[in-house]
Amino acid sequence: MNKTLLIFKHEFLHTIKRTGFIILTLVLPMLALLGIGIFHIVSGISKPPSELTKIGYIDEVGGFDQFTNQGNITFISFDGMEAITQALINRDIKEYFVIPPEYTSKGIITRYTLEKQLTTPPDIQTAIKDFLLNNLLAEKVPIATVKVIGSPLSLVTIRLTATGAISPEQGGLTNLIIPGIFGILLALSLIFSSTYVLQGLGEEKENRLMEILLSSVSTRELITGKVLGIGAAGLTQVVIWMISLPFLLNLASSSIKGFFSMIQIPPNLLVLGVVYFILGYLLFAMLSAGIAAVSTTVREGQGLASIFTIFAIAPFWFYSLLLAFPNSPVWVFFSIFPFSAPVLMMLRIGTTAVPTWQLAVSIAVMALSIIGGLLLVAKLLRTYILMYGKRPNLKEIMQNLRN
């Protein structure tokens, strides 16, 4: 059997058996299934309250005496603070609020409760708002108009194509979720896969196993087998995520509905995800191999590798700016810059319609970077893979590369 194929098979099997690899591969499907299962359990146990909730109020303005029944919430009027506070202490009412004289000019009321809460429960807040609004506009405008005024603006945006037809790929915050999650997992996969290359070569060099290996195989066969074997494991990881995402999304849409039914998977996300993983992995893996060649220990190599792997997670630090200005020249540049392109382009796909020329230029630049990096790393491997002791500095590396 070809020696490169033997190394490929060994690295592939060794990588997919790693505990960290298995956990990272299964974390998305398992967490999603767990979330859907918890929702079914909670929704099955929890029942909407059927008993009436009594809430007291003091009207210091006057005229707030109608529409006291809002669904399962009933508002009870009190004349003074002492009486209403005593009713709260006796649990005759759940809570109360005061409508001050300046309410009609400032729009502020004060709410009192015995419970420790982060925010006002949505159902209570809605009931109080409807109670106040209905009383303010009573007999002035029709009830139907009051409901429209009190309801939040429901604005539906539809994206059209250049021909005026409805675009199959719509925008919205829901479309950020899948590219965002996939961007995070793609960054982790790139970092872990390239780290496996660095650890494998570094450990073999550190314990002198490299000398034995190179007595049986060539440097080219060793590096090719390692890079492709670990890359195939990483690609398997990405493919599993891509297969599971549509299934999990359909399951959540049919089970939970609501928010999940509006989530879309951009049609080009799946194909571009595979393309950018392959290109990103090859670039990161080759640089990891070069760092392993010039490093004396694995720990030293990992410190040097963080210089370029940090570009894979840097886009998330500025995600808010990316959402606000997705087509800024800064983001266009870094979506073409080879180290940040894989993850950043995934995030931009979820925020805006990325022009085809930017995708083409980004892929071309990454391909050229891989070719240039391959030539550079090949020289580093031939020169330093069997050198031990002190790590060469940048000046020595440049001089040896020229020679």
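K.L.:
Help me understand the overall build of the protein chain, please; the structure alone is not making it clear to me.
P.N.:
Of regular secondary structure, the protein chain possesses 16 helices and five strands. The buried share of the protein chain, taken over its 403 residues, is 39%. Taking the contacts inside the protein chain whose residues are at least 6 apart along the sequence as the reference set, 71% of them involve residues at least 24 apart. Total accessible area on the protein chain stands at roughly 22400 Å², and carbon and sulfur atoms take up 66% of it.

K.L.:
Which parts of the structure should I look at to understand the packing of helix α10 (residues 269-294) against helix α14 (residues 341-351)?
P.N.:
The relative placement of two packed helices is expressed as an angle between their axes plus a distance between the axes. Where α10 meets α14, the axes come as close as 9 Å, and the angle between the chain directions of the two elements is 165 degrees. Regarding the angle of α10 to α14, the classification is roughly antiparallel. Two packed elements cross with a definite hand, and for α10 against α14 that hand is right-handed. Residue-level contacts link Leu269, Leu272, Gly273, Tyr276 and Gly280 of α10 to Ala341, Pro342, Met345, Met346 and Ile349 of α14.

K.L.:
Which parts of the structure should I look at to understand the sheet that holds strand β2 (residues 69-70)?
P.N.:
Across a sheet, strands are paired by hydrogen bonds formed along the backbone, either parallel or antiparallel in direction. Spatially, five strands are ordered β2-β3-β1-β4-β5 in an open sheet, and the strand pairing comes out mixed. The sheet is open, and its two edges are formed by β2 and β5 (110-113), each paired on a single side. The pairing of strand β1 (residues 53-59) with strand β4 (residues 95-99) spans five bridges and is parallel. Paired with aspartate 59 across the bridge in β4 is isoleucine 99. Contacting β1, β3 (73-78), β4 and β5, helix α3 (residues 81-89) crosses the sheet at an angle of about 160 degrees to β4. Across the sheet, helix α5 (residues 122-137) is in contact with β1, β2, β3, β4 and β5; its angle to β3 comes to roughly 60 degrees.

K.L.:
How do you make sense of empty space enclosed by the protein when you look at a structure like this?
P.N.:
Any empty space left between atoms is shown by rolling a water-sized probe over those atoms. Scanning the model with the defined rule gives one cavity of 30 Å³ or more in all. Lining the largest cavity we find Gly20, Phe21, Leu24, Ser189, Phe192, Ser193, Tyr196 and Gln237. Of all the elements in the fold, those that place two or more residues in the lining of the largest cavity are α2 (19-45) and α7 (177-206). Ranked by the residues each element gives to the lining of the largest cavity, the list is headed by α7, at four residues. The class makeup of the residues in the lining of the largest cavity is four nonpolar, four polar and no charged.

K.L.:
I tried to follow a nonpolar patch on the surface on my own but got confused; where do I start?
P.N.:
Residues Ile310, Ile313, Trp317, Phe318, Leu321 and Phe325 make up a contiguous nonpolar surface patch of roughly 590 Å² in combined accessible area. Per-element tally for the nonpolar patch: the top contributor is helix α11 (residues 298-317), with three residues. Looking at the secondary structure, you find phenylalanine 318 in the loop between α11 and α12 (319-324). Phenylalanine 318 gets classed as partly exposed once you look at its relative accessible area, which sits at 40%.

K.L.:
What should I look at first to understand the nonpolar core in this one?
P.N.:
One broad rule of soluble globular proteins: the nonpolar side chains tend to lie buried together. Membership of the largest hydrophobic core comes to 52 residues, with the highest contact counts inside it found for Phe182, Val197, Tyr276, Tyr281 and Met346. Secondary-structure elements contributing two or more residues to this core are α2, α7, α9 (219-255), α10, α11, α14 and α15 (356-384). Counting residues per element, this core draws most heavily on α10, which supplies 14 residues. Those residues in contact with phenylalanine 182, other than ones at most four positions away along the chain, are Val238, Met242, Leu245, Leu269, Gly273 and Met346. Phe64, Ile99, Ile124 and Phe131 belong to the second-largest nonpolar core, a separate cluster that totals 13 residues.

K.L.:
Whenever I open this one, α3 confuses me. Can you help?
P.N.:
Along α3, the residues that are buried comprise Ile84, Ala87 and Leu88. Projection of α3 onto a plane perpendicular to its axis shows the buried side chains occupying an angular sector of 100 degrees, all on one side. In this structure, α3 carries Glu82 and Ile89 as exposed residues pointing more than 90 degrees from its buried face. The elements touched by buried residues of α3 are β1, β3, β4 and β5. Following α3 by one or two positions, arginine 91 adopts a phi angle in the positive range, close to 65 degrees.

Analysis parameters
- Residues numbered from 1 in each chain as written.
- Predicted model: local features only at pLDDT ≥ 70, side-chain atom pairs only at ≥ 80, totals over all residues.
- Heavy atoms only, no water.
- Helix = DSSP H or I, 4+ residues; strand = E, 2+ residues; numbered from the N terminus.
- Buried < 20%, exposed > 50% of the residue type's maximum accessible area, 1.4 Å probe, protein only.
- Contact = heavy atoms within 4.5 Å.
- Areas by Shrake-Rupley, 256 points an atom, 1.4 Å probe, with all protein chains shown as cover.
- Axes fitted to C-alpha atoms, helices over the stretch in contact; angles between N-to-C directions.
- Parallel < 35°, antiparallel > 145°, perpendicular 65-115°, else oblique.
- Left-handed = near helix turned anticlockwise from the far one by under 90°.
- Pairing = 2+ DSSP bridges.
- 1 Å grid on protein atoms, 1.4 Å probe; cavity = no way out; pocket = protein on both sides within 12 Å on 5 of 7 lines; lining within 4 Å.
- Points joined across faces, edges and corners; volume = space filled by probe spheres on them.
- Nonpolar A, V, L, I, M, F, W, Y, C, P; charged D, E, K, R; others polar.
- Patch = residues over 30% accessible without salt bridge, like charges linked within 9 Å, V, L, I, M, F, W, Y side chains within 5 Å.
- Salt bridge = Lys/Arg side-chain N within 4 Å of Asp/Glu carboxyl O.
- Core = buried A, V, L, I, M, F, W, Y, C linked by side-chain atoms within 4.5 Å.
- Arc of directions from axis to C-beta.

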